[in-house]
Amino acid sequence: MTIFKEIVDEEFLTVSETKELLADIEAERAMDEDRELRYELARAIEHVNRFTVLEPEEAQNLVDDLQDVEKVDEATAYKIANLLPRNRDELRSVYAQQRYSLSGDELDEILNVVAQYA
């Protein structure tokens, strides 16, 4: 027997936005003494606490600025905003699965946008 699930909606989030959402869930669960945090939720909270660098507004502004760059689509902009690459090699890893590669000037343009926020 196979159970199929349907994707109802999809939304990209930055790590900062995720941190806010998980903090709300953690606070809600803390109020109920009988509910414990599941392992996966506790690990997710630990992850976002460790890797969040920007405030949610800053992260969203970064995503918007990245989308203004020609070869950066929405999904890639969120990936870059979450990873905050500091050099060409780190940025190339984001584009590793794309069918095209970026020139040095295009990479530098993206890194300059990231440098304004990081």
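Just so you know, these numbers come straight off a predicted model, no measurement behind them.

Q: Quick one: what's the story with the pattern of salt bridges, residue by residue and with numbers?
A: Under the definition given, this model contains five salt bridges. For the salt bridge of R88 with D108, the shortest nitrogen-to-oxygen distance reads 2.6 Å. Within this pair, whereas R88 is found in helix α5 (residues 88–94), its partner D108 is found in helix α6 (residues 104–117), the two being separated by 20 residues in sequence. Note on R88: relative accessible area 32%, which makes it partly exposed. Residue D108 is classed as partly exposed on the basis of its relative accessible area of 28%. One salt bridge in this structure joins R92 and D89, with 3.3 Å as the shortest N-O distance. Of this pair, R92 and D89 both sit in helix α5, separated by three residues, roughly a single helical turn. Judged by relative accessible area, which is 42%, R92 ranks as partly exposed. Connected through salt bridges with shared partners, the residues R43, E46 and R50 form a single ionic network.

Q: Account for the packing of helix α1 (residues 15–31) against helix α3 (residues 56–67), naming residues and giving values.
A: Close contact between α1 and α3 brings their axes to 8 Å; oriented N to C, the two are set at 145°. By crossing handedness, the relation of α1 to α3 is classed as left-handed. Between α1, through S16, E17 and E20, and α3, the contact on the second element is made entirely by P56, A59 and Q60. Split into classes, the residues belonging to the contact of α1 with α3 amount to two nonpolar, two polar and two charged.

Q: Got a sec to walk through the nonpolar core? Specific residues and values, please.
A: Judged by nonpolar contacts, the single largest core of 21 residues is most densely connected at L62, L66, V72, I80, L91, Y95 and I110. Of all the secondary structure elements, the ones that give two or more residues to this core are α3, α4 (74–83), α5 and α6. When residues in this core are grouped by element, the largest group, five residues, is from α6. Ignoring anything within four residues of it in the chain, the contact list for L62 reads L54, A81, L84, V113, V114 and Y117. Membership of the second largest hydrophobic core comes to five residues, among which are V15, L22, I45 and V48.

The rules behind the values
Residue indices follow the written sequence of each chain, beginning from 1 at its first position. Confidence filtering applies because this is a predicted model: local features only for residues at pLDDT of at least 70, side-chain atom pairs given and counted only at 80 or more, and all residues used for totals across whole chains, interfaces and linings. Side-chain measures were taken over the full set of non-hydrogen atoms in the model, leaving aside hydrogen atoms and water. Each reported salt bridge corresponds to a side-chain nitrogen of Lys or Arg within 4 Å of a carboxyl oxygen of Asp or Glu. Going along the chain from the N terminus, every DSSP run of H or I of four or more residues is numbered as a helix, and every run of E of two or more is numbered as a strand. Partly exposed describes any residue whose relative accessible area lies between the buried limit of under 20% and the exposed limit of over 50%, with all areas from a 1.4 Å probe on protein chains only and scaled to the type maximum. Angles here are taken between N-to-C directions and fall from 0 to 180 degrees, while the axes themselves are lines fitted to C-alpha atoms, restricted in helices to the stretch in contact. Left-handed is the label given to a crossing in which the near helix is rotated counterclockwise from the far helix by less than a right angle, and right-handed is the label when the rotation is clockwise. Here, residues are in contact when the closest pair of their heavy atoms is within 4.5 Å. Only Asp, Glu, Lys and Arg are considered charged, only Ala, Val, Leu, Ile, Met, Phe, Trp, Tyr, Cys and Pro nonpolar, and every remaining residue, Gly among them, polar. Here, nonpolar core refers to any group of buried Ala, Val, Leu, Ile, Met, Phe, Trp, Tyr and Cys residues whose side-chain atoms link them within 4.5 Å.

Bear in mind that shape data such as this cannot, by itself, settle questions of function.
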